[in-house]
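# Structural description and commentary
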Amino acid sequence: MNVLAGIIIGFLSDSWGIAIKYSFIWSIIHIIYGYIFGLHRNPVTLATKEGNPIPSYFLARFTTSIITSAFFGSITFFLIRFFSA
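Here is what the cut-offs are and how they apply
- Residues numbered from 1 in each chain as written.
- Predicted model: local features only at pLDDT ≥ 70, side-chain atom pairs only at ≥ 80, totals over all residues.
- Heavy atoms only, no water.
- Helix = DSSP H or I, 4+ residues; strand = E, 2+ residues; numbered from the N terminus.
- Buried < 20%, exposed > 50% of the residue type's maximum accessible area, 1.4 Å probe, protein only.
- Contact = heavy atoms within 4.5 Å.
- Areas by Shrake-Rupley, 256 points an atom, 1.4 Å probe, with all protein chains shown as cover.
- Expected span 1.5 Å × (residues − 1).
- Polar contact = N/O pair within 3.5 Å; in protein donor to acceptor, adjacent residues only side chain to side chain.

A count of helices and strands for the protein chain gives three helices and zero strands. Counting every position in the protein chain, which comprises 85 residues, the buried fraction comes to 34%. Of all intrachain contacts in the protein chain linking residues separated by at least 6 positions in sequence, the fraction that spans at least 24 positions is 70%. When the accessible surface of the protein chain is split by element, carbon and sulfur atoms take 74% of a total near 5800 Å².

Following this line, the structure appears as structure tokens:
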């Protein structure tokens, strides 16, 4: 899902700065999506005594989504600008 978001971000961006901002926004949306649909309730996920996921799980999701979407968004942005010039 992050790769697809990165490609879409690359198509929608007008500059490198916008691509990075969109990647941050996507990462926040990705965390909210995962929380709403209960992706953190995976039995493999480490949890606290109350059964709530530890904050590092959400930090890992945030970091992974921003790196992946920024990487693929930058590649897409570069390819579009390179071949359209």
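This part takes up helix α3 (residues 55-84). An ideal rise of 1.5 Å per residue puts 44 Å on 30 residues; α3 measures up with 43 Å between its terminal C-alpha atoms. Residues of α3 that are buried: Y57, F58, R61, S65, I66, T68, S69, A70, G73, S74, T76 and F77. Looking at the buried residues of α3, the elements they touch are α1 (2-12) and α2 (16-36).

This part takes up the side chain of T68. By the secondary structure assignment, T68 is in helix α3. At 2.7 Å, the side chain of T68 and the backbone oxygen of T64 are in polar contact. Once residues within four sequence positions are removed from consideration, T68 is found in contact with N2 and V3.

Looking now at the environment of R61. Inspection of the secondary structure puts R61 in helix α3. Each C-alpha atom, one on R61 and one on I28, is 9.5 Å from the other, the two residues being 33 residues apart in sequence. A polar side-chain atom of R61 sits 3.1 Å from a polar atom in the side chain of H30.

Further remarks concern the side chain of S69. Looking at the element boundaries, S69 is found in helix α3. Take S69: its relative accessible area is 0%, and that puts it in the buried class. Only 2.7 Å separates the side chain of S69 from the backbone oxygen of S65, close enough to count as a polar contact. Looking at S69, its side chain comes within polar contact range of the main-chain oxygen of I66, at 3.5 Å. Those residues within four positions of S69 in sequence are excluded, and the remaining contacts are N2, G6, I9, S23 and W26.

Nothing here speaks to function; it is all geometry.
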